[in-house]
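Listed here are the chains, written in short residue letters.
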Amino acid sequence: VQLQASGGGTVQAGDSLRLSCAASGRSFSNYYMGWFRQALGKERDFVASISSITDIRGYADSVKGRFTISRDHAKNIVYLQMNSLKPEDTAVYFCAASPSAYSGSYSNTGDYDYWGQGTQVTVSQ
């Protein structure tokens, strides 16, 4: 599967953005999908995940209540709706996929086999 992330940009604190991750290939619904982010000079951190088939969601504590992950099975797209953005949300955001039917939370980079190229999100004061 190939992943293409888009939707990043520069916004002010309190604004919203919606990231998209378009997946090519067959059986998209069978893939567990995740979003990660990497700030300059820091490690890549888990943001959100959504399981295959059942769409069970998981979130990092830092984004709970502000970010929402969703997927459109017909369009092969995973979204990350980001509301009430903060300067500390500034990072490159990556989408990732794993061919797994797991219904728990995959929050480690090693849980995923495929990665998109990343999209920059910058939140100013």
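**A word on the overall build of the protein chain**
- What the protein chain contains, in helices and strands, is zero helices and 11 strands.
- Along its sequence from the N terminus, the protein chain presents helices and strands in the succession β-β-β-β-β-β-β-β-β-β-β.
- At 13 Å, the protein chain has a C-alpha radius of gyration in line with the 14 Å of a compact globule built from 125 residues.
- In terms of principal-axis extent, the alpha carbons of the protein chain reach across some 40 × 25 × 25 Å.
- Counting only residues that meet the buried cut, the protein chain has 43% of its 125 residues in that class.

**Structural notes on the nonpolar core**
- Ranked by size, the top nonpolar core spans 34 residues in total, and within it Met-33, Trp-35, Val-47, Phe-67, Leu-80, Met-82 and Tyr-93 carry the most contacts.
- Only strand 1 (2-6), strand 3 (17-24), strand 4 (32-38), strand 5 (44-50), strand 7 (67-72), strand 8 (77-82), strand 9 (91-98) and strand 11 (119-124) provide two or more residues apiece to this core.
- Considering every element that reaches this core, the biggest residue donor is strand 9, with five residues.
- Other than its neighbours up to four places away in sequence, Leu-80 contacts Leu-17, Arg-18, Leu-19, Trp-35, Val-47, Ala-48, Phe-67, Thr-68, Ile-69 and Tyr-93.

**Structural notes on unusual backbone geometry**
- At Ile-53, a position not held by glycine, the phi torsion is positive, near 60 degrees.
- One can find Ile-53 in the loop between strand 5 and strand 6 (57-59).
- One non-glycine residue with positive phi stands out, namely Asn-76, at about 60 degrees.
- Its place among the elements puts Asn-76 in the loop between strand 7 and strand 8.

**As for the side chain of Asp-55**
- With respect to the element layout, Asp-55 can be found in the loop between strand 5 and strand 6.
- If sequence neighbours within four positions are ignored, Asp-55 has contacts with Ile-50, Arg-71 and His-73.

What counts and how
- Residues numbered from 1 in each chain as written.
- Predicted model: local features only at pLDDT ≥ 70, side-chain atom pairs only at ≥ 80, totals over all residues.
- Heavy atoms only, no water.
- Helix = DSSP H or I, 4+ residues; strand = E, 2+ residues; numbered from the N terminus.
- Rg over C-alpha atoms; globule rule 2.2 N^0.38 Å.
- Buried < 20%, exposed > 50% of the residue type's maximum accessible area, 1.4 Å probe, protein only.
- Core = buried A, V, L, I, M, F, W, Y, C linked by side-chain atoms within 4.5 Å.
- Contact = heavy atoms within 4.5 Å.

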